[in-house]
Amino acid sequence: DLTDGSLTYSDAILSGSSSREVMLATYTCHPSMANNELSGPLVNAFLYQRITAWPQRRLSFRFVFNPETIGALAYLAENGEHLRENLDAGFVVTCVGDPGKFTYKRSRRDNTLGDRAMTLALLNYPESNLLNFFPNGSDERQYCSPGFNLPVGVVSRTWPEKSEFYHSSYDNKEYISFERLVETVDLLEDACRILDLNETYRSLYPYGEPQLSKRDMMETVGAAEGEQHRNRSLKWFLNLADGKHDLISMAERSGENFHNLAKAAQLCLKNKLVARCNVNENK
C-alpha cells in the first residue's frame, strides 16, 4: 500500500577534491542479529573514522545506512540520478564479522573500477572468494537494477546462503569477533585507498628510458631486495605511463603491488618525469 508514513535512512559524505564518489552502504533492519545486522554498520562506522583521518582525499566517500530493500529504493528515489552521474564505485557491506574467508560479489556491470580495486585488495587474502553477479542477495539488487545499473558490489565473509546461522537465533555476539571486523575495515580501507590513488599519468620523456641514476631515483649497485622491488615498480610505471593506463591497469598488467606503483608515480611527479592526465575514470 502507498500510505502516508515515514522511513529513516542516514547518509554522511566525506568530500574530496573531485566530484567523483565511492559509496559504502549497509542496512539497519535486523536488530536481533549480530553478523547479518550489527557487523555492517560497525565496519562502516569505523571505516568512516579511518577515511576521515586521511590527510587528503581525491574522491568523495558516501556512507549510507538504511533498511534493506525498501530503504535502498527510497534512497535511490531521492539520490539515484546523482549516483548515476557521479558514482565510480560502491560496496554493500553485510555479514562481515563471522569467521569465514572474504567473499566479494561483483557488480552487474562487471569489471568496474570498484570490482578491480577490490580484486587487487583481496590479493592480500589468497583464500578469498570472487562471485559473478546474480540477481538475488542484498541491496545490490536495487543499486544494480537495469534502470540504475550502478557499479556496486557486495563485501561479505561467509556468503549468507552458505552460513548455517543465517537468519537464526545463533547469529549472536558469539558468532562475530572484533578481530574479523577490524580485518574487514582494513580490506575496505585498502580498496578505498586504491580507488582514491588511482590516476592516469603521461610520461614527459617517452622517447627512450629516462636516466634515473643521475636523478638519484634508482640504486645501481648492490640494491637490497626492497630496493629491487622499488626499481622494478618504477620501471613498470614509466613504461606504462602513456596516458592510457591508470594505476589499477598498471598493477593488473605488471603484477606489481598497486601501492608500490603509486609511490613510483609520486616519485616521478616530484622529479618532473610525468604529468597527471585529466581523464574521466567513471567508465
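Heads up: these notes are all about the structure in this document. This structure is a prediction, so every number in the text was calculated from the model and none was measured.

Take the packing of helix 7 (residues 247-254) against helix 8 (residues 258-270) next. It is the contact of helix 7 with helix 8, at a shortest axis distance of 9 Å, that shows an interaxial angle of 125°. Taken together, the axis directions place helix 7 and helix 8 in an arrangement best described as oblique. In this structure, the crossing between helix 7 and helix 8 has a hand that is right-handed. Residue-level inspection shows Leu-247, Ile-248, Met-250, Ala-251 and Ser-254 of helix 7 in contact with helix 8, the latter providing Phe-258, Leu-261, Ala-262 and Ala-265. Here the contact of helix 7 with helix 8 is composed, by residue class, of eight nonpolar, one polar and no charged.

Okay, the packing of helix 3 (residues 113-121) against helix 5 (residues 178-197) next. Contact geometry of helix 3 with helix 5 gives a least axis separation of 9 Å together with a crossing angle of 125°. Judged on the interaxial angle alone, helix 5 and helix 3 are oblique. When the axes of helix 3 and helix 5 are compared, the crossing they make is right-handed. Contacts between helix 3 and helix 5 pair Leu-113, Gly-114, Ala-117, Met-118, Leu-120 and Ala-121 from the former with Leu-187, Leu-188, Asp-190, Ala-191, Ile-194 and Leu-195 from the latter. Of the residues belonging to the contact of helix 3 with helix 5, the class tally is 10 nonpolar, one polar and one charged.

Let's shift gears to the pattern of salt bridges. Evaluated as defined, the whole model comprises 15 salt bridges. Asp-186 is paired through a salt bridge with Arg-50; the nearest N and O atoms lie 2.9 Å apart. Linking Asp-186 in helix 5 with Arg-50 in helix 1 (residues 34-52), this pair joins segments that are 136 residues apart in sequence. Classification of Arg-50 by relative accessible area gives partly exposed; the value is 28%. Salt-bridge contacts for Asp-110 lead to Arg-106; the nearest nitrogen and oxygen are separated by 3.9 Å. Overall, Asp-110 belongs to the partly exposed group, its relative accessible area being 39%. Its relative accessible area of 19% is what places Arg-106 among the buried residues. What emerges from the salt-bridge pattern is a single network uniting Arg-50, Asp-186, Glu-189 and Arg-193.

Below, the discussion takes up the pairing of strand 2 (residues 21-27). Extensive coverage of strand 2 is indicated by the burial of seven of its seven residues. Residue alternation in strand 2 divides its side chains into two sets, Glu-21, Met-23, Ala-25 and Tyr-27 and Val-22, Leu-24 and Thr-26, and both sets are buried. Regarding topology, helix 1 serves as the crossover connection from strand 2 to the parallel strand 3 (residues 60-66), and that connection is right-handed. Here strand 2 runs beside strand 4 (residues 87-93); their pairing, made up of five bridges, is parallel. Bridge pairing in strand 4 links Glu-21 to Leu-87.

Now for the pairing of strand 3. Among the seven residues that make up strand 3, six are buried, leaving the element largely enclosed by the rest of the structure. The pairing of strand 1 (residues 10-14) with strand 3 spans five bridges and is antiparallel. Counted as the bridge partner of Ser-10 is Phe-65 from strand 3. Bridging between strand 2 and strand 3 involves seven bridges; their strand directions are parallel. Residue pairing across strands places Thr-26 opposite Phe-65, the latter belonging to strand 3.

This paragraph deals with the nonpolar core. In this structure, Leu-24, Phe-61, Phe-91, Met-118, Leu-188, Phe-237 and Leu-247 are the most contacted members of the largest nonpolar core, which totals 52 residues. No other element matches the eight residues that helix 5 contributes to this core. Ranked by size, the runner-up nonpolar core spans 15 residues in total, among them Leu-76, Cys-144, Leu-150 and Val-154.

The antiparallel open sheet is built from three strands, whose spatial order is 9-8-10. If you trace the sheet from one side to the other, it starts and ends with strand 9 (242-246) and strand 10 (274-276), each paired once. When strand polarity is set aside, the average angle formed by the axes of neighbouring strands in this sheet is 30°. Of the strand pairs in this sheet, strand 8 (residues 200-203) and strand 10 are connected by three bridges, and their pairing is antiparallel. Within the sheet, the bridge partner assigned to Arg-202 lies in strand 10 and is Ala-275. Helix-sheet contacts for helix 7 involve strand 8 and strand 9, and the interaxial angle to strand 9 is about 75°. In this fold helix 8 packs onto strand 8 and strand 10, with an angle of close to 110° to the strand it touches most, strand 10.

About the thresholds
Residues numbered from 1 in each chain as written. Predicted model: local features only at pLDDT ≥ 70, side-chain atom pairs only at ≥ 80, totals over all residues. Heavy atoms only, no water. Axes fitted to C-alpha atoms, helices over the stretch in contact; angles between N-to-C directions. Helix = DSSP H or I, 4+ residues; strand = E, 2+ residues; numbered from the N terminus. Parallel < 35°, antiparallel > 145°, perpendicular 65-115°, else oblique. Left-handed = near helix turned anticlockwise from the far one by under 90°. Contact = heavy atoms within 4.5 Å. Nonpolar A, V, L, I, M, F, W, Y, C, P; charged D, E, K, R; others polar. Salt bridge = Lys/Arg side-chain N within 4 Å of Asp/Glu carboxyl O. Buried < 20%, exposed > 50% of the residue type's maximum accessible area, 1.4 Å probe, protein only. Right-handed = clockwise from strand over helix to strand, strands pointing away. Pairing = 2+ DSSP bridges. Core = buried A, V, L, I, M, F, W, Y, C linked by side-chain atoms within 4.5 Å.

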